[in-house]
Amino acid sequence: MKPIRSRLPNHFIRRATENLSLDGYWVRSDPVPVFHCIHPPEFRDQYILRMAVRTPESGGFRIPHELNWLRPAIYACDGIQKQNGLPNQYVYVTVRSGEVLSQTDDDWHVDGFSMRVPHLPEQNYICASSPATEWQAKSFDVPDDFDPMRHNLHWLLQEQAGDDATRQCDPFVAYAIDPYCVHRRPQFNGRRLFWRVSFVAIAIEDDTCTPNPLLPMPRYGRRDIRESLVGYPLTQYPTAVDNRSPQTEVRSSVSP
Ligand SMILES: [Fe+2]
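These numbers come from a predicted model, not from an experiment.

Some thoughts on the overall build of the protein chain
At step 1: From N to C terminus, the protein chain includes 4 helices and 10 strands.
At step 2: Of all 256 residues assigned to the protein chain, the portion counted as buried reaches 30%.
At step 3: Partitioning the intrachain contacts of the protein chain with sequence separation of at least 6 by distance along the chain shows that 88% fall at a separation of at least 24.

Set out below in structure tokens:
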């Protein structure tokens, strides 16, 4: 672990101390490189989704043996959180090591956007082998009548994302990002390593999280709100599928 910086930028800390808000998308949010990671050139298969490794009640970290390889990085991220006075006590770990399997990560999105209850934004520390994460170097326009409990934010972000604003992280460098950083995994088939350590203000009440045998969490029985979101009305979204082929349209328009 070779440090790059431990002090996060002032604007990053200011956003971290104000409740999550759609206003935040009007200001560009860049990933902050924090340290170089050393990983073996060959990595084994491991797929973990948001496993809780610390809660306010757990008395410190509860890291299963299979995640020991990531322990130094988890502690380094926690050190940065402490040095910057960031209070989020829930810590979750995601690992995708091996063949790229997940389908939705190559769409532009943000991590940790939830308006279910008011709370401070989470901080995510991410690191990937090549190809590393891509991000958008621009601000986003979220209309005042956009309703995050009804409209799909990710579709809105995808529509405004552009190739000219696309930048790429360096492989094997850990970056701090917040829920205003629009990013994606580049289109890729093959083996890749990705990890994320998330510092969250509230429990992620999602039954799809990978259980940690050392830190059992309750079953929440909640339905993911993202399944019921619709597009913001002024725009055309991917669900509005037009099955007619362009050829059919041309023929019908010229026939008598
Ligand atoms: Fe993400």
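Comments concerning the sheet that holds strand E2 (residues 32-36)
At step 1: Pairing in this open sheet of 7 strands is antiparallel, and the strands run E1-E2-E8-E5-E10-E4-E3 from one edge to the other. What marks the edges here is a single partner per strand, and that holds for strand E1 (2-3) and strand E3 (46-54).
At step 2: The strands touched by helix H2 (residues 71-83) are E2, E3, strand E4 (90-99), strand E5 (123-128), strand E8 (173-177) and strand E10 (191-200); relative to E10, the strand with the most contacts, the crossing angle is about 35°.

Here's the deal with the sheet that holds strand E9 (residues 183-184)
At step 1: Ordered by their spatial adjacency, 3 strands build an open sheet running E7-E6-E9, and the pairing between neighbours is antiparallel. Since the sheet does not close on itself, it has two edges, and those belong to strand E7 (166-168) and E9, each with one partner.
At step 2: Pairing of strand E6 (residues 134-136) with E7 involves 3 bridges; the strand directions are antiparallel. Across the sheet, the residue bridging to Glu134 is Gln168, located in E7.

Quick word on the environment of Asp178
At step 1: With respect to the helices and strands, Asp178 occurs in the loop between E8 and E9.
At step 2: In the structure, Asp178 is positioned 57 residues away from Pro121 in sequence and 6.9 Å away in space, judged by C-alpha atoms.
At step 3: Look past the residues within four positions of Asp178 in its chain and what remains in contact with it is Phe12, Arg15, Ala16, Ser29, Pro121 and Gln123.

Here we look at the environment of Val110
At step 1: The residue Val110 is located in the loop between E4 and E5 in this model.
At step 2: Residue Val110 is classed as buried on the basis of its C-beta count, with 21 C-beta atoms lying within 10 Å.
At step 3: Separated by 71 residues in sequence, Val110 and Cys181 have C-alpha atoms that sit 6.0 Å apart.
At step 4: Every residue in contact with Val110, bar those within four places of it in the chain, is listed here: Leu157, Pro179, Tyr180, Cys181 and Val182.

Quick word on the pairing of E4
At step 1: Across 6 bridges, E3 lies against E4 in antiparallel orientation. In the sheet register, Gln46 faces E4, and the bridge partner there is Ser97.
At step 2: Bridging between E4 and E10 involves 10 bridges; their strand directions are antiparallel. Bridged to Tyr92 within E10 is Ser198.

Brief notes about H2
At step 1: Here H2 contains 13 residues, and its C-alpha end-to-end distance of 18 Å stays within 8% of the 18 Å for a straight helix at 1.5 Å per residue.
At step 2: Three or more residues of H2 are buried, namely Ala73, Cys77, Ile80 and Gln81. Down the axis of H2, the buried side of the element spans an arc of 100°, and every buried residue falls inside it. Along H2, the residues that are exposed and aim more than 90 degrees away from the buried face are Arg71, Lys82 and Gln83.
At step 3: For H2, the secondary structure elements touched by its buried residues are E2, E5, E8 and E10.
At step 4: Where H2 ends, the next residue or the one after it, Gly85, has phi of about 70°, a positive value.

Describing the nonpolar core
At step 1: The biggest cluster of nonpolar side chains holds 52 residues, and the ones touching the most others in it are Val34, Val93, Leu157, Tyr175, Ala176 and Val182.
At step 2: Setting aside chain neighbours within four positions, we find Ala176 in contact with Leu8, Phe12, Pro31, Val32, Val34, Ile80, Gln123 and Tyr125.

A short note on the confidence of the model for the protein chain
At step 1: With 86% of its residues at a pLDDT of 70 or more, the protein chain has an overall mean of 87.
At step 2: Residue range residues 236-256 is modelled with pLDDT below 50. Its contacts to residues more than four positions away, or to other chains, number 5 contacts.

Some remarks on the environment of Arg62
At step 1: Mapped onto the fold, Arg62 is located in the loop between E3 and H2.
At step 2: Take Arg62: there are 17 C-beta atoms within 10 Å of it, and that puts it in the partly exposed class.
At step 3: As a C-alpha pair, Arg62 and Ala52 span 10 residues in sequence and 8.3 Å in three-dimensional space.
At step 4: The contact partners of Arg62, leaving out residues within four places of it in the chain, are Val53, Arg54, Asn212, Leu214 and Leu215.

A short note on unusual backbone geometry
At step 1: Of note, the bond from Ser130 into Pro131 is cis; its omega dihedral lies within 30 degrees of zero at 0°.
At step 2: Relative to the helices and strands, Pro131 resides in the loop between E5 and E6.
At step 3: The phi dihedral of Arg50 falls on the positive side, at around 45°, and the residue is not glycine.
At step 4: Looking at the element boundaries, Arg50 is found in strand E3.
At step 5: The partly exposed category is assigned to Arg50, around which 16 C-beta atoms lie within 10 Å.
At step 6: Despite not being glycine, Phe172 shows a phi value in the positive range, around 60°.
At step 7: Looking at the element boundaries, Phe172 is found in the loop between E7 and E8.

Calculation notes
- In this numbering scheme, every chain counts its residues from 1 along its sequence in written order.
- Totals for whole chains, interfaces and linings use every residue, but because this is a predicted model, local features are given only for residues with pLDDT of at least 70 and side-chain atom pairs only at 80 or more, for both listing and counting.
- Helix numbering and strand numbering both begin at the N terminus, where a helix is a DSSP run of H or I of at least 4 residues and a strand a DSSP run of E of at least 2.
- For the exposure call, what matters is how many other C-beta atoms sit within 10 Å of a residue's own: 20 or more marks it buried, 12 or fewer exposed, and in between partly exposed, using C-beta atoms placed from the backbone.
- A pair of residues counts as a contact when their C-beta atoms, built from backbone coordinates, are separated by no more than 7 Å.
- When DSSP finds two or more bridges between two strands, those strands count as paired.
- The angle between two axes is taken between their N-to-C directions and runs from 0 to 180 degrees, where each axis is a line fitted to C-alpha atoms and a helix contributes only its stretch in contact.
- Expected helix span is taken as 1.5 Å per residue step, with the number of steps being one fewer than the number of residues.
- Read the arc as the range of directions from the helix axis to the C-beta atoms.
- Note on terminology: a nonpolar core is any set of buried Ala, Val, Leu, Ile, Met, Phe, Trp, Tyr and Cys residues joined through C-beta atoms within 7 Å.
- Every residue is assigned a pLDDT by the predictor, reflecting its confidence on a scale from 0 to 100.

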